[in-house]
Amino acid sequence: MGRNPVTWLGSPTFPDAAHTALADTQLRGNLRRATTTIRGKRAAAVAELDDWEELRRAGAAIKDDVLAHLDTYLERLEEAVTARGGVVHWARDAEEANRIVLDLALARRAEEVVKVKSMATAEIGLNEHLEAGGVRPVETDLAELIVQLGHDRPSHILVPAIHRNRAEIRELFRREMPEEAPDSDDPAELAEAARRYLRRKFLSATVAVSGANFAVADTGSVAVVESEGNGRMCLTLPDTLITVMGIEKVVPTWRDLEVFLQLLPRSSTAERMNPYTSIFSGVTPGDGPREFHLVLLDNGRTATLADAVGRQALRCIRCSACLNVCPVYERTGGQAYGSVYPGPIGAILAPQLDGDLTDPQTASLPYASSLCGACYEVCPVRIDIPEVLTHLRGEVVRARGRRTPESLAMSGAGWVFRDRRRYEAAQRAGSLSRLLAGRDGRITRLPWPGSKWTSTRDAPAVPKESFRAWWRRTRG
């Protein structure tokens, strides 16, 4: 799998994928309706709290404290989990984490495992690794199940199947779940069909795999929050539970956890409380799984921690609020990013976890933003995403070196700007672009490399008279 399969293998760079998404009117309509609805509900839920800004600052402060003392809290977590009958595994990268999970499943002769929705397991490509090893993963979150049955890729952190409408889901269920085929595309019937299909999986599975929203260092408790109850079935019925957790998900105490259990539901699903919050601590005789394994995943997080600006991305609690307000995401969807983590947070998190800014796909992500700042305004842990984006853009430019077409073009522009006569000559030459403009003064088609711009948007023609020329003419 390589060090960090954070981006989907074979994914196009963001600009190319975005052009394809922009041409899909059905996709854009689905996204616009969904994000507009979620955005409005979140704003109403947040407005109910007078101390929302204080909560945001508290969440950011707790996360920064964790990142500053991560080694201490992780060791404390390991001790607490072990003391309660659990087993802790340390995974340096995706390959090691995948091997640990597959070995555990095979040792228990599991042919199938049920899974709770997990970004960490998607990040490492666990499903593909399990299938290659002869173990079939079954996603039990409704949206993740839709994505899996459609041999598709998720496009949203909270609602992975946001790009699908009800009619599409009905046809998918009819094709992939013929025994439970719904009679209509009514949401209740679609949910009931999935419920019948998954109930058989829950009752027969002996191994479950989950992610983790948080883990409390003091007690070794792991928290999983979800909205459907499928997670609770996975966490209690199978004999063996394997949890894969990014090392940054630890919090020091239960009091700290309380802050995030207020921030997360309002930011993600616009609810005052999360419908299902499951918290488990090791193994309890006679109740729940008989084995608990916690896989602590690094996979680029330590390297990200070393970046004084970029490390704030590790505060992320995966609420997806930044996606719902992003004008770029709303028009392109998550699949255009080619990354497990889409949207604004994906544009700063995936490049750092991947670690290779010379890769065209990875290097394109920090540019997938208008830098409008809406993402920072809604982030419940105050991640300054625009700051990190501009920081990573600088890193991308430095990684490319000085002999790229972009670097040569910028050097040429610098040469022009350094001399008044050269600059004014360039302005006069630019005014000739009016010959390419239509009656509205806009240019719809330019030759290469300008065609990269006009393929998706118009370009304004340069005015006939520059400001310098106007000033000289009117002010003497």
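Keep in mind that this is a model prediction, so the values were computed, not measured.

Peer 1: Looking at this structure, I do not really get empty space enclosed by the protein. What am I missing?
Peer 2: To locate leftover empty space, one rolls a probe as large as a water molecule over the atoms. Within this structure, the stated rule accounts for four cavities of 30 Å³ or more. By volume, the largest cavity is sized at about 100 Å³. What lines the largest cavity is a set of 14 residues, and nearest its centre among them are Cys316, Cys319, Cys322, Cys379 and Pro380. When the residues that make up the lining of the largest cavity are grouped by side-chain class, the tally is twelve nonpolar, one polar and one charged. The volume enclosed by the second largest cavity comes to roughly 80 Å³. Taken together, 13 residues make up the lining of the second largest cavity; nearest its centre are Cys326, Pro344, Ser369, Cys372 and Cys375. Every element with two or more residues in the lining of the second largest cavity is listed here: helix H14 (321–325) and helix H18 (374–378). When its residues are assigned to classes, the lining of the second largest cavity shows ten nonpolar, three polar and no charged.

Peer 1: For this particular structure, what's the right way to read the packing of aromatic side chains?
Peer 2: Two measures describe an aromatic ring pair: the distance that separates the ring centres and the angle between the ring planes. Considering all chains together, one arrives at six aromatic pairs under this definition. Seen from their ring centres, phenylalanine 280 and phenylalanine 292 are 5.4 Å apart, and the 85° between their planes marks the pair as edge-to-face. Of the two residues, phenylalanine 280 is situated in strand E9 (residues 276–281) and phenylalanine 292 in strand E10 (residues 291–297); the sequence distance between them amounts to twelve residues. Each member of the pair, phenylalanine 280 as well as phenylalanine 292, carries the same accessibility label: buried. Here the aromatic residues Phe467, Trp470 and Trp471 are joined through ring pairs into a cluster of three or more. For arginine 422, the ring lying beneath its charged end belongs to tryptophan 415, and the centroid distance is 4.0 Å. Here arginine 475 stacks its cationic end above the ring of tryptophan 471, 5.1 Å away from the centre of that ring.

Peer 1: Even after reading the chapter, I still don't get the nonpolar core, so can you show me in this structure?
Peer 2: The nonpolar side chains of soluble globular proteins are, as a tendency, buried together. Ranked by size, the top nonpolar core spans 99 residues in total, and within it Leu77, Phe173, Ile345 and Ile348 carry the most contacts. Core analysis: the next-biggest nonpolar cluster, separate from the first, contains 21 residues, Ala105, Val135, Ile242 and Val244 among them.

Peer 1: Which parts of the structure should I look at to understand the pattern of salt bridges?
Peer 2: Between side chains of opposite charge, a pair can form as their charged atoms come close. Tallied over the full model, the rule gives 28 salt bridges. Glutamate 424 serves as the salt-bridge partner of arginine 468, at 3.6 Å between the closest nitrogen and oxygen. Residue arginine 468 is found in helix H23 (residues 467–475), and its partner glutamate 424 is found in helix H21 (residues 420–430); the two are separated by 44 residues along the sequence. Linked by salt bridges that have partners in common, Glu179, Glu180, Glu192, Arg195, Arg196 and Arg200 make up one network.

Peer 1: Any chance you could explain the sheet that holds strand E8 (residues 250–251) here in plain terms?
Peer 2: One open sheet accounts for four strands, arranged E8-E5-E6-E9; its pairing is mixed. Edge positions in the sheet fall to E8 and E9, since each of these pairs with one other strand and no more. Relative to E9, strand E6 (residues 221–226) runs antiparallel, the two sharing six bridges. In the sheet register, serine 221 faces E9, and the bridge partner there is serine 281. Set on the sheet, helix H12 (residues 254–268) makes contact with strand E5 (214–216), E6, E8 and E9; between it and E5 the angle comes to about 160°.

Peer 1: Mind showing me how you'd approach the sheet that holds strand E4 (residues 207–210) here?
Peer 2: As a general point, the strands of a sheet are linked pairwise by backbone hydrogen bonds and lie either parallel or antiparallel. The parallel open sheet is built from six strands, whose spatial order is E1-E10-E7-E4-E2-E3. The two strands at the open ends of the sheet, each matched to only one other strand, are strand E1 (87–91) and strand E3 (136–139). Between one strand axis and the next, the sheet turns by 25° as a mean value, whatever way the strands run. The sheet contacts of helix H4 (residues 70–83) involve E1, strand E7 (240–246) and E10, and relative to E1 the element is tilted by about 145°. Against the sheet, helix H10 (residues 187–204) makes contact with strand E2 (112–115) and E3, and its axis sits at roughly 130° relative to E3, the strand it touches most.

Basis of the calculations
Residues numbered from 1 in each chain as written. Predicted model: local features only at pLDDT ≥ 70, side-chain atom pairs only at ≥ 80, totals over all residues. Heavy atoms only, no water. 1 Å grid on protein atoms, 1.4 Å probe; cavity = no way out; pocket = protein on both sides within 12 Å on 5 of 7 lines; lining within 4 Å. Points joined across faces, edges and corners; volume = space filled by probe spheres on them. Nonpolar A, V, L, I, M, F, W, Y, C, P; charged D, E, K, R; others polar. Helix = DSSP H or I, 4+ residues; strand = E, 2+ residues; numbered from the N terminus. Phe/Tyr/Trp six-rings, centres within 6.5 Å; stacked < 30°, edge-to-face > 60°. Buried < 20%, exposed > 50% of the residue type's maximum accessible area, 1.4 Å probe, protein only. Lys NZ or Arg CZ within 6 Å of the ring centre and 35° of its normal. Core = buried A, V, L, I, M, F, W, Y, C linked by side-chain atoms within 4.5 Å. Salt bridge = Lys/Arg side-chain N within 4 Å of Asp/Glu carboxyl O. Pairing = 2+ DSSP bridges. Contact = heavy atoms within 4.5 Å. Axes fitted to C-alpha atoms, helices over the stretch in contact; angles between N-to-C directions.

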